[in-house]
Amino acid sequence: MQALNCIAMTVYKFKKLDGVDQYITIWEHGVLLGQRKEANYKILLFQIFSFYVEAYYNEQEKRLENLRPFKSTAQLKSYLQEIDITDIYLSRPKKKKGL
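Residues numbered from 1 in each chain as written. Predicted model: local features only at pLDDT ≥ 70, side-chain atom pairs only at ≥ 80, totals over all residues. Heavy atoms only, no water.

### Some points on the pairing of strand 3 (residues 51-58)
Note the following rule: Residue burial is assigned from relative accessible area. The probe radius is 1.4 Å, only protein chains are included, and a residue is buried under 20% of its type maximum, exposed over 50%, and partly exposed in between. A run of H or I in DSSP becomes a helix once it reaches four residues, and a run of E becomes a strand once it reaches two; helices and strands are each numbered from the N terminus. We treat two strands as partners when DSSP finds at least two bridges between them.
Buried residues dominate strand 3, accounting for seven of its eight residues. The pairing of strand 2 (residues 41-48) with strand 3 spans eight bridges and is classified as antiparallel. Within strand 3, the position partnered with Ile 43 by the bridge is Tyr 56. Here strand 2 folds back onto strand 3, and the loop between the two strands holds two residues, one of which, Phe 49, carries a positive phi near 55°. The pairing of strand 3 with strand 4 (residues 63-70) spans seven bridges and is antiparallel. The residue bridging Ala 55 from the neighbouring strand is Leu 67, located in strand 4. Counting the residues between successive antiparallel strands, the hairpin from strand 3 to strand 4 contains four residues, one of them, Lys 62, with a positive phi of roughly 55°.

### Here we look at the packing of aromatic side chains
Keep this limit in mind: Note on aromatic contacts: the rings of Phe and Tyr and the six-membered ring of Trp form a pair at centre separations within 6.5 Å, being stacked when their planes are under 30 degrees apart, edge-to-face when over 60 apart, and tilted otherwise.
This structure, assessed with the given rule, holds four aromatic pairs. An angle of 50° between the planes, with centres 5.5 Å apart, marks the rings of Phe 14 and Phe 51 as tilted. One end of the pair, Phe 14, is in helix 1 (residues 11-16); the other, Phe 51, is in strand 3, and 37 residues separate them in sequence. Consider the rings of Trp 27 and Phe 46, whose centres lie 5.4 Å apart with planes at 85°: the pair is edge-to-face.

None of the figures reported here should be taken as evidence of function without further support.
Written out as structure tokens, the structure reads:
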């Protein structure tokens, strides 16, 4: 296991890490943003610094099987339907007439 310089971590440097260091980086520096289901997988979405990582957890086998790092926010689309903005919408100030 190599020493991690996480301050300058990029998606490209993350991809070059071995599997163990990738997992350590996710657990120590990742922020869980969401999750979704696909077949036998629970897919967890993490943000790490300036990029994202999907962690594929096989629910039948009870193990992590794959990590998929990416930078493009377009790939977040499958998570958007899961975000509940009801509280934000209901708490916004109402517009006054004539303004």
